[in-house]
Amino acid sequence: MGKAKTDKADGRVALPADCRIADLAAVKAALEAALSAPAAELDGAAVERVDTAALQLLAVFRREAAARGMAVRWAGASDVLRDGAARLGLAQTLELPAAMPA
Amino acid sequence: MSTVSLAQFHQTFFDESHEGLDAMETALLALDGGGDKELVHGIFRAAHSIKGGAATFGFPDMAAFTHEAESLLDELRDGRRAVDAGIVEVLLRSVDCLRGMFARAQSGQPLADADSEALRHELAAMVGRTLAPAAAPARRSDDAATGWSIAFRPHRGMLAGGNDALRLLRELGELGELKAEAELDRLPGLAALDPSECHLGWRLELRGDVTRAAVQSVFDWVEDECDLTIEALPGAQVHHAPVVAEAAAAVPAPAAAAPKAAVREAAATESSVRVGIDKIDSLINLVGELVITQSMLDTFREDFDASRLEMLQQGLAQLARHTRTLQESVMGIRMLPIGSVFNRFPRMVRDLSQKLGKQVKLDLVGEQTELDKTVLEKIGDPLVHLVRNAIDHGLETPDRRRAAGKGDTGTLRLEASHRNGSIVVEISDDGAGLNREAIIAKALQRGLIASAEGLTDEAVADLIFQPGFSTAAVTTDLSGRGVGMDVVRRNVVDLGGSIQIRSVAGKGSVFTITLPLTLAIIDGLTALVGGEHYIVPLASIIETVQLRSEHLRTVTGGGELFHFRDGWLPVLRLQDAFACHGTRRPIEQGLVVVVEGDGSRLGLFVDELIGQQQAVVKSLEANYRRVSGISGATILADGSVALIVDVAGLSRQLSRRRAA
Amino acid sequence: MAKILAVDDSASMRGMVAFTLRGAGHDVSEAENGQLAVDAAKGARFDLVLADVNMPVMDGISMVRELRTMPEYKGVPILMLTTESHTDKKMEGKAAGATGWLVKPFDPEQLLATVKRVLG
């Protein structure tokens, strides 16, 4: 399972396969770093496990980015990620793509 | 349907519960002398485990009983009630009662009986409860509706405690069609967010024919970790219905119908022995060594000449050494510490001494000494008898002790140790010792001896092992149970052991029981009788003599006696005893092996002695049938079978024949 | 398949839990008390911990408290195996950080159903 990665220049954040409460410190740090970029790109294609805490963290990031008028796009989102977001009523907030891009 | 049969865990449950009960008893006895909090905790834990196991493995009566004992212990544990002698007493009785229940469980009988029920009510009364006969499960009315509106606001710590809201909503989604709307208004900014804390809330709509209880049960672990309201959806149909479900399983039913089949299965379980992992590991290592030696020896098969003879000899020596160590280790598996037998004595000594108005201090030494499991199982009764005797007859009341210039409290000591390849168990007391005059008077009265003239102290002491002997002037309710010292000796001898007594009037007595390390292997002398091999156990042999006909006396009835040391011993010709073929040799052409069995000596006449060897004992009873005068069989190096002579049995046969 | 730690001082209970869960394909480790469980948890990351409450050396409640101080055990389900009569213990366990409980006596099916529930 990979750690969350960010590239300061383009604000890209890749979410780890196990994206759950015990491993969110790194994800949070990556997201905070991404906030200083002009635009952010989230990659959730590798996410195999997700929980409320992770989805809440993403929701907080989206709201904060929106408040700063910063563009956020998804490079990918796994079924697990989209299913979790839908069940928690966060699909709209997270603006997840309807289907996984190829 | 589960494929897991609970019966397979019964034996483990029984074993650990017996240990638990022993530990409870030991702790209760320690508590009796003013113990500490940790003892109470230990007792509580043991009871609690038994209760949990009993309920899980299908013994509801035992669970119900233990529940009451546990309630009382709970009060002791949190200080609501102080420990006193009465409580210790009732808890000790509870331990006994549970032991009875376990015995019945193992033999597939109903667990509860009148006594256990009476004690259960007594325990309940102590904690101020009256037991109603099988209370009906509480019914609570429940609503069912075609839809629910749920407001769910977790407290911050809920997620970190392992309750993922996503999981809870997924469970709700299994009940019906769920629509979730997240409340985002309490979300902090990213920098301020502790990702493990929950700041989300949800307004949920659940559509489907679902009861309120079903909705509630999804949240049962998080009741205190969230704000939750559950309301029927406006416009949904609501019907009120009593609910019986849910509750039924929680209350253990008092009837014993259910676990019967399971209990039978357990009763049929073979007896087992628990082996420490270190013993298994050492076995595995030894087998490894054996395999290496074997493959080393294997090389000689293809490539051998005289130059490698020394290596071959070394290899064989190594093989012999490993085989012997392996044998010892395998025997070790059957070895258990004698502590499990000693454990019952603190309780027994306490009860007996109280009953008899005596003060007794019990010393247990060498509890870790290991004994063969079979020996261990059979040595309990003789030891109980000796301990009971020591308290009943040996140790005096405080008055008498003071009059004799001793302290009020007598000492009873049980000590187990290894000595010369045997196990020695000594039961000693500092009581009155054997009363020579009383024993002689009794023996005369019983016709056991004709006169006391010339009897050594040793011989007098030995009289108490004669059948039907009892020295108690007054028959207490402890003696006179139909078991005498003769039976104690018989039991010890049957185990291949012996028992001796040393006693000093006014100072006390010491009973010494010597037991073989194992019953599975004996050291024996191989003898030839009528062309067949017999093995005489080395432990019973005193010496071997060659006789001349003038040493023999023939007595009326055809018996032969020979002069040995300062007395006359009977000669038993094994050829006659076992109806062997071959010609009957004159006494000069054979040897007489002087043996001691069942407390008396005799000479076994054999044709020849071949040598000493270790014999692995095979049961004749299990493989053929019981044969009198033979205790078992063994297989010799050439593959033929040799019978092992039962010296005690032959000695009994002979004395019966002489008495007739 | 999940990595599960079964903690109970009773060999029969622990055996039943481990046997049942292994039968369902899980990777089960066993510990005899809370202290051994904490030691085991330091070396491996379990997806679920099932623990008895009353144990010698370290009881189940202290074990939960101890595990919850470890960052990698944040949010990991820890279930207490408890008896109906000790409602206060359930609450004490919850307060220490337990996820939930399984009420003794339970049978293998109830155990599997509960484990399935927490593992999702």
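Our structure's up above, just so we're on the same page.
A short tour of the structure in this document, coming up. All figures in this text were calculated on a predicted structure; none of them were measured in a lab. (Residues numbered from 1 in each chain as written. Chains lettered and ligands numbered in written order. Predicted model: local features only at pLDDT ≥ 70, side-chain atom pairs only at ≥ 80, totals over all residues. Heavy atoms only, no water.)

1. Focus on the pairing of strand E1 (residues 3-7) of chain C
Residue and element names in this part refer to chain C. Within E1, 4 of the 5 residues are buried, leaving the element largely enclosed by the surrounding structure. Bridging between E1 and strand E2 (residues 27-31) involves 5 bridges; their strand directions are parallel. Bridge pairing links alanine 6 to glutamate 30 in E2. As judged from the 4 bridges shared by E1 and strand E3 (residues 48-52), these two strands associate in the parallel manner. Note on E3: the bridge partner recorded for isoleucine 4 is leucine 48. (Buried < 20%, exposed > 50% of the residue type's maximum accessible area, 1.4 Å probe, protein only. Helix = DSSP H or I, 4+ residues; strand = E, 2+ residues; numbered from the N terminus. Pairing = 2+ DSSP bridges.)

2. A look at the sheet that holds strand E5 (residues 100-104) of chain C
Residue and element names in this part refer to chain C. Ordered in space as E2-E1-E3-E4-E5, the 5 strands form an open sheet in which the pairing is parallel. Where the open sheet ends on each side, the last strands, each with one partner, are E2 and E5. The sheet shows a mean angle of 20 degrees between the axes of neighbouring strands, taken without regard to direction. (Axes fitted to C-alpha atoms, helices over the stretch in contact; angles between N-to-C directions.)

3. Some details on the nonpolar core
Judged by nonpolar contacts, the single largest core of 83 residues is most densely connected at B:Phe59, B:Met62, C:Val7, C:Val49, C:Leu50, C:Met63 and C:Leu67. For this core, the element with the highest residue contribution is helix H4 (residues 85-106) of chain B, accounting for 11 residues. Formed by 62 residues, the second largest nonpolar core is a distinct cluster that contains A:Leu24, B:Leu184, B:Cys198 and B:Val222. (Core = buried A, V, L, I, M, F, W, Y, C linked by side-chain atoms within 4.5 Å.)

4. Observations concerning the interface of chain A and chain B
Often, the extent of an interface is quoted as the loss of accessible area on bringing the components together. Taken together, the contact between chain A and chain B spans 24 residues of the former and 23 residues of the latter. Contact between chain A and chain B buries roughly 2,000 Å² in total, counting both sides, with carbon and sulfur atoms accounting for 68%. Contact with chain B buries surface across chain A, with A:Thr52, A:Gln56 and A:Arg87 losing the most and accounting together for 30% of the total. Applying the counting criterion to the chain A and chain B interface returns 0 salt bridges. Applying the counting rule to chain A against chain B returns 10 residue pairs in polar contact (both at pLDDT 80 or more). At the level of secondary structure, the elements contributing two or more residues to the side of chain A that touches chain B comprise helix H1 (24-34), helix H2 (52-67) and helix H3 (79-87) of chain A. When residues in the side of chain A that touches chain B are grouped by element, the largest group, 10 residues, is from H2(A). (Contact = heavy atoms within 4.5 Å. Buried area = accessible area lost by both parts, 1.4 Å probe. Salt bridge = Lys/Arg side-chain N within 4 Å of Asp/Glu carboxyl O. Polar contact = N/O pair within 3.5 Å; in protein donor to acceptor, adjacent residues only side chain to side chain.)

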